[in-house]
Amino acid sequence: MILDHQGTFCIIPTGNRSGKFKLHLRTPGPVGDFYKLLKYRCQERRFMKDARTFALLKIPSTGLYYIPTINPGQIWNKYLSTAGGKGNRDAASSKLLQEKLSHYLDIVEVNIAHQISLRSEAFFHAMTSQHELQDYLRKTSQAVKLLREKIAQIDKVMCEGSLRVLRLSLTRNNCIKAYNKLKLMATVHQTQPTVQLLLSTSEFVGALDLIATTQEVLQQELQGIHSFRHLGSQLCELEKLIDKMMIAEFSTYARNDLNRPLEDDCQILEEERLVSLVFGLLKQRKLNFYEIYGDEMIITAKNIIKQCVVNTVSQIEEIDTEVVVKLADQMRMMNFPQWFDLLKNIFSKFTIFLKRIKATLNTIRSVVFLVLDKNQKNRDLEDTLQKNSKDSTVDTEVAYLTHEGMFISDAFSEGDLPPVAADTTSQRNTSPNSEPCSSDSVSEPECTTDSSSSKEQTSSSVTPGAVEMMISDDMKLTDLELVRLANNIQELLYNASDICHDRSVKFLMARAKDGFLEKLNSNEFVTLSRLMEGFILDTEQICGRKSMSLRGALQSQANRFVNRFHEERKTKLSLLLDNERWKQAEVPAEFQDLVDSVSDGRISLPEKKPSATEERKPAEFLIVEGQKYATVGTVLLLIRIILEYCQCVDNIPSITTDMLTRLSDLLKYFNSRSCQLVLGAGALQVVGLKTITTKNLALSSRCLQLIVHYIPIIRAHFEARLQPKQYSMLRHFDHITKDYHDHVAEISAKLVAIMDSLFDKLLSKYEVKAPVPSACFRNICKQMAKMHEAIYDLLPEEQTQMLFLRINASYKLHLKRQLAHLNVVNDGGPLNGLVTSDVAFYTGNLQALKGLNNLDLNMAEIWEQKR
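Novice: Where do I start with the overall build of the chain in this structure?
Specialist: Secondary structure assignment for the chain yields 26 helices and nine strands. Counting across all 867 residues of the chain, residues that qualify as buried make up 41%. In the chain, once contacts between residues fewer than 6 apart in sequence are set aside, the share between residues at least 24 apart is 75%. In the form shown here, the chain has an accessible surface area of approximately 48200 Å², with 53% of it arising from carbon and sulfur atoms.

Put into structure tokens, the structure is as follows:
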């Protein structure tokens, strides 16, 4: 051990012959400060030429520290030179510092010597064991070298070939991928020419599918390819162009489809083209394309009417188209048969027009429902796959783990691939036939090819026109949108019906401006009404919904027709009544046939048979269900008028309620007017009758009874044609029946009153005296015979008997009053005998009248009963 002159550092020889020493520091106090200073200076390269970095090491079990391989003289000189440099700057402080250091060195020297003395054996033992450690290290180094040589031989013999195979396999896969990528790029490069070719043949769906597939490939497989950096935007512009082309193509198709010659042909025009267009529009979410078809429908409906009018006018020689320029004016110059044929032709064209629209819209709706059905199937499939995904994953893992050993490629892929490649590996586990992928590849080209082909090979669907179309999975339309579109298309069919009805209404109103429709007779209007009703029913059957515009126009014209119809017949009835002389009229055979047809349950006007009617003579009475009715000519015509009302209801069901009201008014008018003329004696001034006879009264009563007989039949006829909620209107017939019965009762009362006044006049002058029968009774019997003669042929026998019973009652009342006035009693005296003889004469004459022989006169009531 060598100590420096200050005793601070402990220098120990290293044991080799290099002449180098190791510096050992006793304590880390001031020596530590010196060490820091020494290390700093060495790093600063100010005092040592060799820029060494010194490490302060601790000797085990000694408490000593040493710096490996250092020259102590140099260290000390450098330290002193450093201190001297500072002393030059401040001499006083430098001297003081040197004294402190000397003191510290003394203390260190003493402590080092003491410590070395205590641990000298352990220190020297450690130094001697260093040689053994070096031997161990040498042997270890030789063993490691030998092991490395063996490992290199094993690697060359066993592993290098396999790894080379793996590298070549990966290289081959990368080459295949690069080849497939180039093929894909070549295919993508041909996209635009292929799209142009498809567009030239109107294959819009194929072009859109190709664009969508190319866009997907550009985003997934060819992302970052510099040569294709503008292709995506070009395809987007091309897609927008295809949108415009499809809309223009659909507009052209709609125009061609609707403007075809309207023959009896409802086939769809170019169904495959239509289905292709609809699929393309749905794919591009152009869900308002049906509005184009709706606009074309409006234009075509106008042109149909215009063309029909032009064709009809050109065939009528009476219309000079050079003088009358406007089509509306030319149409107004037609007579009813010509105009009716024109309207019939328009309705026929509109019917074919609607059938074509329905066929086309049904095809469009079927395409929408195909897409909707495909969406539903896709959702069901996704739900099934999600439900079974866990089970399938577990099965795949179990199958993989139970395989005999693990493939090197699998181990390599699982150990070295990044997460993206690991995902590819997990997918490959489900497809054992796939090849391993390297970490530098983006994705499998085979997967891209399969996905592209799967879009082109989706399940085909057959449309109603037997056209198979490819429904792409990328039609991102929700069920709500598809259902709303289907409803809008169905609504478009309803709109087509409304359009045809609206155009027909305008056509009718144009002809009705000069009051043409109001001037139609019943037969013409009924014919027109039947034609319009038939067209309305046809459109409802085609479109499935009622259109109210034409029905409303028909109802409006029908109301006007009803008003005119009623006013004409009411005026006619009024004229007939004002000229009626209330004498029995002969019944022509046609009226008897009319009544017979009603009796058979047919309320309709029979067809005229001129040859048969001329051979048959008029009858004296009208036979109704076996009963004879004496009637006047007005009532015969009234029955015909009533049947005209009923037949009009059959021909025009929409006017049933109005006709019921008008018919009720007509029946009430006849009742009130006939009452005024007969009972009120209005016929004396109106017709010029001298008097209202009992025959006139009986004939009026019988006419009223004939009308009453038909009221229940008329009521049943209207009831069968009314809605249940309208049955309350039938009460009008009940009121009319009551009024008629009251009228008949008043006539009967009038007949009784006539005889009553006669009895009062004659019996008031009656005197019980000879001769028998008295003049009074002879006169009474004469008047009774005249009464019977007047009414017997007019009224039924039952009514005649009832009437004479009432007259007899009146006679007995007046006779009883006169006998009481004369104080003649039933005492068997001479006066009683004379009265009895007169009464017997009266009874015999009365019962001798036809139909009154069994009449119970009960003449005992003329005597006062004894109390």
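Novice: Is there a simple way to explain unusual backbone geometry in this structure?
Specialist: Peptide bonds are, in most cases, trans, and in most cases residues other than glycine have a negative phi. With an omega of 5°, the peptide bond running from Ala770 to Pro771 counts as cis. The topology assignment puts Pro771 in the loop between α23 (731–763) and α24 (775–791). Of note, the amide linkage connecting Val772 to Pro773 takes the cis form, showing an omega dihedral of 0°. Tracing the sequence through the fold places Pro773 in the loop between α23 and α24. Although it is not a glycine, Glu625 sits at a positive phi angle of roughly 55°.

Novice: Whenever I open this one, the environment of Leu758 confuses me. Can you help?
Specialist: Checked against the element boundaries, Leu758 lands in helix α23. Here Leu758 falls in the buried class, since its relative accessible area comes to 18%. Separated by 22 residues in the primary sequence, Leu758 and Ile780 place their C-alpha atoms 8.0 Å from one another.

Novice: How should I be thinking about a negative patch on the surface in this particular structure?
Specialist: Together, Glu586, Glu620, Glu789 and Asp793 line one region of the surface with negative charge. For Asp793, the position within the fold is in the loop between α24 and α25 (797–822).

Novice: Where do I start with the packing of aromatic side chains in this structure?
Specialist: Geometry of an aromatic ring pair is reported as the spacing of the ring centres plus the angle between the planes. Within the structure shown, the criterion is met by 17 aromatic pairs. Taking the centre distance of 5.7 Å and the plane angle of 70° together, the rings of Trp339 and Phe516 count as edge-to-face. On the criterion of sequence distance, the pair formed by Trp339 in helix α10 (residues 336–401) and Phe516 in the loop between α14 (479–511) and α15 (522–543) is long-range, its members being 177 residues apart. Given the relative accessible area of 14%, Phe516 is considered buried.

Novice: Mind showing me how you'd approach the pattern of salt bridges here?
Specialist: For side chains bearing opposite charge, pairing can occur when the charged atoms are close. Enumeration according to the criterion identifies 18 salt bridges in this entry. For the salt bridge of Asp498 with Arg545, the shortest nitrogen-to-oxygen distance reads 3.3 Å. Taken together, the positions of Asp498 in helix α14 and Arg545 in the loop between α15 and α16 (548–578) put the pair 47 residues apart, joining distant regions of the chain. Here Arg545 falls in the partly exposed class, since its relative accessible area comes to 30%. Between Lys570 and Asp665 there is a salt bridge whose closest N-O contact spans 3.2 Å. Taken together, the positions of Lys570 in helix α16 and Asp665 in helix α20 (residues 656–679) put the pair 95 residues apart, joining distant regions of the chain. Accessibility expressed as a relative area gives 22% for Lys570, which makes it partly exposed. The network of salt bridges with shared partners includes Arg564, Glu568, Arg569 and Glu644.

Novice: Please explain α25 as it appears in this structure.
Specialist: Each α-helix turn comprises 3.6 residues. Residues three or four places apart therefore point the same way. Compared with an ideal rise of 1.5 Å per residue, which puts 26 residues at 38 Å, α25 spans 36 Å between its outermost C-alpha atoms and is within 8% of the ideal. Turning to α25, its buried residues are Thr800, Leu803, Phe804, Ile807, Asn808, Ser810, Tyr811, Lys812, His814, Leu815, Gln818 and Leu819. If you follow the buried residues of α25, they end up packed against α23, α24 and α26 (830–847). Looking at the residues trailing α25, positive phi occurs at Asn823, about 60°.

Novice: Mind showing me how you'd approach the nonpolar core here?
Specialist: If you look at soluble globular proteins, the nonpolar side chains tend to sit buried side by side. By size, the foremost hydrophobic cluster in this structure holds 197 residues, and its most contacted members are Trp339, Phe718, Phe804 and Tyr811. The dominant element in this core, judged by the number of residues it contributes, is α10, at 18 residues. If we ignore the near neighbours within four places in the chain, the residues touching Tyr811 are Phe759, Leu763, Phe777, Ile780, Val839, Tyr842 and Met859.

Novice: What is the right way to look at the state of the cysteines in this model?
Specialist: Chemically, a disulfide is nothing more than a covalent bond linking the sulfur atoms of two cysteines. The full count for this structure, using the stated rule, is zero disulfides. With no disulfide partner, Cys776 has as its closest neighbouring cysteine sulfur the one in Cys781, 9.4 Å distant.

Cut-offs applied
- Residues numbered from 1 in each chain as written.
- Predicted model: local features only at pLDDT ≥ 70, side-chain atom pairs only at ≥ 80, totals over all residues.
- Heavy atoms only, no water.
- Helix = DSSP H or I, 4+ residues; strand = E, 2+ residues; numbered from the N terminus.
- Buried < 20%, exposed > 50% of the residue type's maximum accessible area, 1.4 Å probe, protein only.
- Contact = heavy atoms within 4.5 Å.
- Areas by Shrake-Rupley, 256 points an atom, 1.4 Å probe, with all protein chains shown as cover.
- Patch = residues over 30% accessible without salt bridge, like charges linked within 9 Å, V, L, I, M, F, W, Y side chains within 5 Å.
- Salt bridge = Lys/Arg side-chain N within 4 Å of Asp/Glu carboxyl O.
- Lys, Arg positive; Asp, Glu negative; His and termini not counted.
- Charge placed at Lys NZ, Arg CZ, Asp CG, Glu CD.
- Phe/Tyr/Trp six-rings, centres within 6.5 Å; stacked < 30°, edge-to-face > 60°.
- Expected span 1.5 Å × (residues − 1).
- Core = buried A, V, L, I, M, F, W, Y, C linked by side-chain atoms within 4.5 Å.
- Disulfide = S-S within 2.5 Å.

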